[in-house]
Amino acid sequence: MVPLSWYLILSAALFAIGAVGVFVKNNIISTLLCLELMLNAANLAFVAFSIFQGTIEGQLFVILVMAVAAAEAGVGLAIVIALFRNRETLDVDESSLLKL
Amino acid sequence: MLPLLVELPPLPTLRDTAFIMPEIILTLFAGAALVLDVALPRSKKHLTAYFSLIGLAFVAIALAQQVAMTASLLPISAFYGMLFIDGLSVVFRFVFIVAAAFSILYSIKYLEFEREQRGEYYALILFSTLGMMFVATSGDLIALFVSFELMSLSVYVLVGYFKRDKRSNEAAMKYFLTGIFSSALMLYGLSLVYGVTGHTNLGLISETIAGYVQGGTAESGDPRLLLMVALVLVAAGLLFKIAAVPFHMWAPDAYEGAPTTVTAFMSVGPKAGAYVLLARMLLFALAPMREMENLPGWAALLAVVAVLTMTVGNLAAVTQDNVKRLLAYSSIAHAGYILLGIVSGTDMGYQGVAFHIMTYTLMNTGVFAIIIALHRQGVIGENLNDLNGLFSRAPSAAVLMLIFILGLAGIPSTAGFVGKFFLFGSLIQSGKPWLTYIAIIAVLNAVVAFYYYARFARAMFLNAPSENIADASPLLLAPSVRITLTLSAIAVLFFGIYPQPLINVADIVAQSITTVYAQSSGIALR
């Protein structure tokens, strides 16, 4: 059986890739995908812990997080569409009407 | 592998359903508001607002039934520990209802003016309030996370409510991306908490961590190190939500770009919801990690963040000319003050947190209501110069604004002073020298804050009205808004001079925090 640490390393790696991607990517859609990756990295950790500890809560949590993530994607894409209709670009760096 | 469940616990009874009656009523009204929006003709859309206000009144009545339960100060657990009702949850749910009701009331004329009167606006405020109310009653990580996301998602949509306004779009995008990022940080932290403790119930987590911190089980390395990582991730997620430095950069943008009524709502409602979540996580689930042997606990971490937050917030507010940005930085500074109460860890500190959040709700919505009224008049009202000569144009509005501003500044004889007194005093009362130094920094900060709040007063009372004001007619304040504002102003002054009634309410919160911590296992899975 695959040991717990492998799952956790994979989950930490996915989380790190997602977190770095949020800061590196300029396209909003890519940023959204990176955020989903971060959420799913947490999901992986939950499922792995759940199996290895023999408690069911982690798996319940994952199902609800998936539902939340779907709702988030819906809201996020709606915002992206509204933004694109008004300015015809998805580049994060060009959204700079609000400044210090 | 998972063991088979041999014995199922009994199903939740009707008793448990009675505990979430306020939330059930709110869900029904929020759903009905959406339907009503479709059913009503375009000219009658504002009726949804009154419908929502009636709904909130019913919710408040249902919630009042639970007040008696807090007298015993013992938390009541429902749905197998998924929810629990204590003094904190009852008091804060009233705060949320008041914040939502004020926001709806102040929005009606504003949306009419902007030609954006749609029922979904009010439904979203109600859904966000529903999320907050469940945050305040959750006793489990799953319920906390899901309800917190319900609260946040509704607000993301509200920030971007003006679909055709580029600034609203941009604010929504920035708020959304930072919000989801912080949720992901927090979720990953929660997964580690679950992994280390094996529980999602706050009480059981607290119990297990208390065992680890005392060095109970250490056969496979020190679980405290993994808990530290989890703590940092969870705290980072939470600090993002309350816009504490260094996670505050989204707040000024989101506050400025959002419709002003939404800014008013999000600066009090969801902010208070985030404080409740912070209190539940740090003062309950992770409470044993406040101070640890050989490792820094969260008290030290939070103290540093609190000092940075109030200093950066106040200094940045000094140079702002946009009122909404200025108030965003002021709310960042206030987040710093509120964190101090949590850092101090005394009853007085917790009382200060509750007292300050309650009065801040009144004062901040009041300030925003006047800014919204300016907007309606044809002046945008977002620049500090737009307030010039307000006293000669609309004396009563200027006086009301002055009371709220003095309250935010914390001038003695306003409720803002009492809140600050409790928060700063609790640091000195705790008797730790390093907390006393923080109290000195906090008082210096309050002095800096006087400067930018005084700018409001100077603009309103001393400066001559600007030339560019197109319409010099008096402010368009609906009678209901005027009455609400007057009552809040009276409350700010009354609780500044005679704070005892509100202190008693704040004490319910403080007592429930200390009792829940003292008997964390009492509300675990029944």
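None of these values were measured; they are calculated from a predicted model.

What counts, and at which threshold
Residues numbered from 1 in each chain as written. Chains lettered and ligands numbered in written order. Predicted model: local features only at pLDDT ≥ 70, side-chain atom pairs only at ≥ 80, totals over all residues. Heavy atoms only, no water. Helix = DSSP H or I, 4+ residues; strand = E, 2+ residues; numbered from the N terminus. Rg over C-alpha atoms; globule rule 2.2 N^0.38 Å. Buried < 20%, exposed > 50% of the residue type's maximum accessible area, 1.4 Å probe, protein only. Contact = heavy atoms within 4.5 Å. 1 Å grid on protein atoms, 1.4 Å probe; cavity = no way out; pocket = protein on both sides within 12 Å on 5 of 7 lines; lining within 4 Å. Points joined across faces, edges and corners; volume = space filled by probe spheres on them. Nonpolar A, V, L, I, M, F, W, Y, C, P; charged D, E, K, R; others polar. Salt bridge = Lys/Arg side-chain N within 4 Å of Asp/Glu carboxyl O.

Q: Mind laying out the overall build of chain A, listing which residues take part and the relevant values?
A: When its secondary structure is counted, chain A shows three helices and zero strands. For chain A, the C-alpha radius of gyration of 17 Å lies well beyond 13 Å, the compact-globule estimate for 100 residues. Expressed as a percentage of its 100 residues, the buried residues of chain A come to 39%. Long-range contacts, defined as pairs at least 24 residues apart, comprise 56% of the intrachain contacts of chain A with a sequence gap of at least 6.

Q: Please give an account of empty space enclosed by the protein that cites residues and values.
A: Residues and elements named next belong to chain B. Using the criterion set out here, one finds five cavities of 30 Å³ or more in the structure. In this structure, the largest cavity occupies an estimated 130 Å³ of space. Every residue lining the largest cavity is counted, 16 residues in all, and those nearest its centre are Ser152, Tyr175, Phe240, Lys241 and Trp250. Broken down by element, the lining of the largest cavity gets its largest block of residues, five residues, from helix α6 (residues 141-159). In this structure, the second largest cavity spans a volume of roughly 90 Å³. Lining the second largest cavity are 13 residues, and of these Leu88, Phe92, Ala279, Val353 and Ile513 sit closest to its centre. Within the residue set of the lining of the second largest cavity, elements represented by two or more residues are α4 (87-114), α11 (260-285), α14 (347-376) and α20 (500-518). Of the residues that constitute the lining of the second largest cavity, the class distribution is 13 nonpolar, no polar and no charged.

Q: Quick one: what's the story with the interface of chain B and chain A, residue by residue and with numbers?
A: Contacts between chain B and chain A engage 44 residues on the former and 50 residues on the latter. Taken together, chain B and chain A are joined by zero salt bridges. For the side of chain B that touches chain A, the element with the most residues is helix α7 (residues 166-197) of chain B, which contributes 22 residues. By residue class, the composition of the side of chain B that touches chain A is 27 nonpolar, six polar and 11 charged.

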